[in-house]
Amino acid sequence: TVNGTLQLDSGANPPGGNPFVYNAGSALVFNQSASLTLSNTTCWPSGANAPPNVALQGGGSVVFPAPTDRTITGTLTLANGILDLAGGTLSLGSASTVAGGNAASYVRGVIGRAVGASASTLLADFPIGDAVGWAPLELSFPSIGTGGTLTVSTSAGDHTAIATSGIDAAHSVNRTWSVTNSGV
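Residues numbered from 1 in each chain as written. Predicted model: local features only at pLDDT ≥ 70, side-chain atom pairs only at ≥ 80, totals over all residues. Heavy atoms only, no water.

Draft legend 1. View of the overall build of the protein chain. When helices and strands are tallied, the protein chain shows 0 helices and 15 strands. Taken over the C-alpha trace, the protein chain has a radius of gyration of 17 Å; the compact-globule value for 184 residues is 16 Å, and the two agree within 12%. By its C-alpha atoms, the protein chain is 55 × 40 × 25 Å across when sized along the principal axes. Among the 184 residues that make up the protein chain, the fraction classed as buried is 40%. For the protein chain, restricting intrachain contacts to residue pairs at least 6 apart in sequence, the fraction spanning at least 24 positions comes to 46%. Within the structure as shown, the protein chain displays about 8,700 Å² of accessible surface, and the carbon and sulfur contribution to it stands at 52%. (Helix = DSSP H or I, 4+ residues; strand = E, 2+ residues; numbered from the N terminus. Rg over C-alpha atoms; globule rule 2.2 N^0.38 Å. Buried < 20%, exposed > 50% of the residue type's maximum accessible area, 1.4 Å probe, protein only. Contact = heavy atoms within 4.5 Å. Areas by Shrake-Rupley, 256 points an atom, 1.4 Å probe, with all protein chains shown as cover.)

Draft legend 2. Spatial organisation of the environment of Ala24. Position of Ala24 relative to the elements: it lies in the loop between strand S1 (5–9) and strand S2 (27–31). Exposure remark for Ala24: the relative accessible area of 76% places this residue in the exposed category. Taking the C-alpha atoms as reference points, Ala24 and Thr73, separated by 49 residues in sequence, lie 9.5 Å from one another.

Draft legend 3. Focus on unusual backbone geometry. Located in the positive-phi region is Ala86, a residue other than glycine, with phi close to 55°. Mapped onto the fold, Ala86 is located in strand S8 (residues 83–92). According to the relative accessible area criterion, Ala86 is partly exposed, its value standing at 28%. The phi dihedral of Asn174 is positive, around 55°, even though this residue is not glycine. Positionally, Asn174 belongs in the loop between strand S14 (148–156) and strand S15 (175–182). Judged by relative accessible area, Asn174 falls into the partly exposed class, the value being 40%.

Draft legend 4. View of the environment of Ala79. One can find Ala79 in the loop between strand S7 (75–78) and S8. Through-space distance from the C-alpha of Ala79 to that of Leu56 is 5.9 Å; in sequence the pair is 23 residues apart. Every residue in contact with Ala79, bar those within four places of it in the chain, is listed here: Leu56, Gln57, Asn102 and Ser105.

Draft legend 5. Highlighting the sheet that holds strand S4 (residues 53–56). Ordered by their spatial adjacency, 5 strands build an open sheet running S1-S2-S4-S7-S9, and the pairing between neighbours is parallel. In this open sheet, the two edge strands, each paired with only one partner strand, are S1 and strand S9 (97–100). Neighbouring strand axes in the sheet, compared pairwise and without regard to direction, differ in orientation by 10° on average. As paired strands, S2 and S4 are joined by 4 bridges and run parallel to one another. Within S4, the position partnered with Ala27 by the bridge is Asn53. (Pairing = 2+ DSSP bridges. Axes fitted to C-alpha atoms, helices over the stretch in contact; angles between N-to-C directions.)

Draft legend 6. Just the nonpolar core, in detail. Formed by 34 residues in total, the largest nonpolar core has its most connected members in Phe30, Leu38, Trp44, Leu83, Leu90, Val107 and Phe126. Ranked by residues supplied to this core, first place goes to S8 with 4 residues. If we skip the residues at most four places from it in the chain, Trp44 touches Leu28, Phe30, Leu38, Pro51, Val54, Phe64, Arg70, Thr71, Ile72, Leu83 and Leu90. (Core = buried A, V, L, I, M, F, W, Y, C linked by side-chain atoms within 4.5 Å.)

So, in structure tokens, the structure goes:
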């Protein structure tokens, strides 16, 4: 059981065996300078036992070798390092916050973000990217009548219908974002 912070430094290998159980307020911190492949999910289990807070700060990527879905209900801190879910989805709870995010630290994969009903303006950050690089998206809503989930992914290259869009392909961003609305 993790009651505080579990930090994986350079050279550390996540232990095998039974998955850890993270209590409220606890954190999983990746502080390694080299890439770390999580071939077992002992240190980052899914479901109710998952760490509420996760930080990448050492510069090394955290890589799941197969599509993996994970949830963060607290804070995702992206200081230095890429979280690669191999095409899986990182789900952020409605109370989740994102700190940081830059060309050296983002989520490679899909981000699903729960959003609650709100009478005030909501900014939803999606610190995503792909193998080409960081391509963040921020969505702003003046208010939200019904909560739900927004799911975002990105890929390099022009949209398949760029030729008929009226946009000059020579002056486009050469990137597409996919936003899926479920209930918002």
